[in-house]
Amino acid sequence: MNTNYKIMTPGPTEIDPSVLAAMAVNGTNPDLDSEFFEIYKATVDQYNRLIGSSSQSYILCGEGILGLEAACASVIEEGDKILCISNGIFGAGFKGFIEMYGGEATLYEGDYRKGLDPEALRAFLKENSDFKAATLVHCETPSGITNDIEKLCAILNDYGILSIVDSVSAIGGEPVDFDHWHIDFLLGGSQKCLSAPAGLTMVTISPKGKASMQNRKTPIRGFYANLLIWEGWYEKQWFPYTQPLQSILGFKKAVENCLASDFVGTHASFGNKVRLAFEKAGFELYPQDHYSNTVTTVLLPEGVDFKVLFNHLKEDSNVLIGGGFGHLDNKIFRIGHMGSNNKEENMLLTMKALDQAFDKLNVQLNMSLLDAYNG
Ligand SMILES: *Cc1c(COP(=O)(O)O)cnc(C)c1O
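Computed from a predicted model, the values in this text were never measured in an experiment.

Reading the values: the criteria
- The residue numbers shown here count from 1 along each chain, following its written sequence.
- The model is predicted, so local features are restricted to residues of pLDDT at least 70 and side-chain atom pairs to those at 80 or more, both for listing and for counting; the totals for chains, interfaces and linings are taken over all residues.
- Side-chain metrics in this entry use all non-hydrogen atoms of the structure; hydrogen atoms and water are not considered.
- We call a residue near a molecule or strand as soon as one heavy atom of that residue lies within 4 Å of the molecule or strand.
- N or O atoms within 3.5 Å of each other form a polar contact, as long as, within protein, one can give a hydrogen and the other can take it, and as long as residues adjacent in sequence are counted only when both atoms are side-chain atoms.
- We get accessible surface area from the Shrake-Rupley algorithm with a probe of 1.4 Å; when it comes to residues, only the shown protein chains can shield them.
- Any two rings among Phe, Tyr and Trp, with Trp reduced to its six-membered ring, count as a pair given centres within 6.5 Å; such a pair is stacked if its planes are under 30 degrees apart, edge-to-face if over 60, and tilted if neither.
- Distance and angle both matter: a charge sits over a ring if NZ of Lys or CZ of Arg is within 6 Å of the ring centre and within 35 degrees of the ring normal.
- The definition of a nonpolar core used throughout is a set of buried Ala, Val, Leu, Ile, Met, Phe, Trp, Tyr and Cys residues joined through side-chain atoms within 4.5 Å.
- Residue exposure (1.4 Å probe, protein chains only): buried if accessible area is under 20% of the type maximum, exposed if over 50%, otherwise partly exposed.
- Here, residues are in contact when the closest pair of their heavy atoms is within 4.5 Å.
- Between N-to-C directions, angles span 0 to 180 degrees; the directions come from axes that are lines fitted to C-alpha atoms, helices contributing only their stretch in contact.
- Helix and strand assignments follow DSSP, with helices taken as H or I runs no shorter than four residues and strands as E runs no shorter than two, numbered in order from the N terminus.
- Angles are sorted into four bins: roughly parallel if under 35 degrees, roughly antiparallel if over 145, roughly perpendicular if 65 to 115, and oblique for all others.
- Two helices that cross are described as forming a left-handed crossing if the nearer one is turned anticlockwise from the farther one by less than a right angle, and a right-handed crossing if clockwise.
- In the scheme used here, Gly and all other residues not listed as nonpolar or charged are polar, with Ala, Val, Leu, Ile, Met, Phe, Trp, Tyr, Cys and Pro taken as nonpolar and Asp, Glu, Lys and Arg as charged.
- Residues form patches when they are more than 30% accessible in relative terms and have no salt bridge. Like charges link within 9 Å. Nonpolar side chains (Val, Leu, Ile, Met, Phe, Trp, Tyr) link within 5 Å.
- We define a salt bridge as a contact between a side-chain nitrogen of Lys or Arg and a carboxyl oxygen of Asp or Glu at a distance within 4 Å.
- For two strands to count as paired, DSSP must find a minimum of two bridges between them.

A short note on the site of the ligand
Part 1: Around the ligand, the surrounding shell consists of E63, I65, F90, C139, T141, D166, V168, S169, Q191 and K192.
Part 2: Residue E63 places a side-chain N or O atom 2.7 Å away from an oxygen atom belonging to the ligand.
Part 3: One of the side-chain N or O atoms of T141 is found 2.3 Å from an oxygen atom in the ligand.
Part 4: When isolated, the ligand has an accessible area of 370 Å², and the protein chains bury 79% of it.

Some remarks on the packing of aromatic side chains
Part 1: What the rule picks out here adds up to 22 aromatic pairs.
Part 2: Three or more aromatic residues joined by ring pairs make a cluster, and in this case those are F36, F37, Y40, Y58, Y224, W230, W233, Y234, F239 and Y241.
Part 3: Here K41 stacks its cationic end above the ring of Y234, 5.4 Å away from the centre of that ring.

Focus on the nonpolar core
Part 1: Formed by 77 residues in total, the largest nonpolar core has its most connected members in Y40, L60, I85, F94, L121, W230 and F251.
Part 2: When residues no more than four places from it in sequence are discounted, the contact partners of F94 are L68, C72, C84, T135, L136, V137, I164, D166 and L187.
Part 3: With 28 residues, the next largest nonpolar core counts M8, F278, L313 and I335 among its residues.

A few points about the packing of helix 5 (residues 118–127) against helix 6 (residues 149–158)
Helices that pack against each other are described as a pair by the angle of their axes relative to one another and the distance between those axes.
Part 1: Where helix 5 contacts helix 6, the axes come no closer than 9 Å and their chain directions differ by 15°. The orientation of helix 5 with respect to helix 6, classified from their angle, is roughly parallel. The hand of the helix 5/helix 6 crossing is right-handed. Contact with helix 5, carried on its side by P118, L121, R122 and L125, involves K151, L152, I155, L156 and D158 of helix 6 and no other residues of that element.
Part 2: Of the residues that constitute the contact of helix 5 with helix 6, the class distribution is six nonpolar, no polar and three charged.

A few points about the packing of helix 10 (residues 263–280) against helix 12 (residues 344–360)
Part 1: Relative orientation of the contacting elements helix 10 and helix 12 amounts to 15°, with a least axis distance of 12 Å. Taken together, the axes of helix 10 and helix 12 are roughly parallel relative to one another. As helix 10 runs across helix 12, the sense of the crossing is right-handed. Contact residues: F270, K273, V274 and F278 in helix 10; E344, M347, M351 and L354 in helix 12.
Part 2: Its residues assigned to classes, the contact of helix 10 with helix 12 shows six nonpolar, no polar and two charged.

So, a nonpolar patch on the surface
Part 1: A surface patch of nonpolar side chains, amounting to about 310 Å² of accessible area, comprises F223, Y224 and W238.
Part 2: Following the sequence through the fold, W238 ends up in the loop between helix 8 (233–236) and helix 9 (245–259).

Observations concerning the pairing of strand 9 (residues 185–189)
Part 1: Of all the five residues making up strand 9, five are buried; the element is thus mostly covered by neighbouring parts of the structure.
Part 2: On strand 9, burial covers both faces: F185, L187 and G189 on one face and L186 and G188 on the other are all buried.

A word on the sheet that holds strand 2 (residues 56–61)
Part 1: The strand order 2-10-9-8-5-3-4 describes an open sheet built from seven strands, whose pairing is mixed. The open sheet has two free edges, formed respectively by strand 2 and strand 4 (104–109), since each of these has just one partner strand. Adjacent strand axes in the sheet meet at a mean angle of 20° when their direction is disregarded.
Part 2: Judged from the six bridges that link them, strand 2 and strand 10 (residues 200–205) form a sheet pairing that is antiparallel. Note that in strand 10 the partner of C61 across the bridge is L200.

Some thoughts on the environment of H182
Part 1: Mapping H182 onto the fold places it in the loop between strand 8 (162–166) and strand 9.
Part 2: Dropping the residues within four chain positions of it, H182 is found in contact with C153, A154, N157 and S163.
Part 3: Side chain to side chain, H182 and N157 meet in a polar contact 3.2 Å long.

Okay, here's the thing in structure tokens:
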């Protein structure tokens, strides 16, 4: 396997050597060593700083999807009415989890090429607000759209509706202020903007979110996805299962790297530059507003097959880019400007590689992407 690709995909992203080095230890037995509990707690505290949280965060062993499923499993009871807010593939995907845990899902959809309109949501809730919780997505990674979570969650809170927010591809790249944004369950993943290896999901729970789990009439179905089992882990010096020590150490270093930089500013500036380059070269972006700081989604030029483009980039330039799935299959391509991907040299290499590939495919650009990127 070639392990030297430039992984310019919207996750997993390039892992910094400092993160890899932090993981390269034999370590201790995390269930038995009180020092590990301190390290885990310090990691949680640093992560909370990153998202402006003074609430409880847990780092679960499992990819981002586990966080989404665990929040649904822990909140939803048979017959609960849940609002599934969607303007993209991940937003709509929550419906499956809601129903799997017995909830009655009501799908509320916005325009898939635009950010969700908070005032439209408010108007909808004025007519119908009998929901225990709502699921929504911060950054719709497949389309490159960042929703205004601050406003949306404030509106849900006005109507007494708990918010379950998938921020897997936003945390570390978009502003998040957990304590002030009325988010009840904030879900993150290790392999996107934080640029740690895949395999961890972060779950942050507000006091209201915790009360909703404690006040259930029926027990939470399942064990691995039961967020209440984590209660008091530090005081009891007890984990529900063996913690992946090396992954936690890598994640800790990745969060430290983030905190040591202007992480949102860097993402915003790379996002702007990449977007502008595609527009100047004559491409059409998929989103029509609310452009993501962390991923850019571009319509494939007429007649270009994604697999062919992908293979040219991979074979000629060692660069990997993302494609589309669902309704965007073979319609778009995506560049992940997330975490450690955000280096000038990576962007220059990617633009140059795309220029070469489009040249091979006889696609005429207004100007080369490299020139467009360089301004
Ligand atoms: C990456 C991501 C996840 C995790 O999903 P995988 O496809 O398994 O990586 C969840 N939500 C969003 C918005 C994501 O970008």
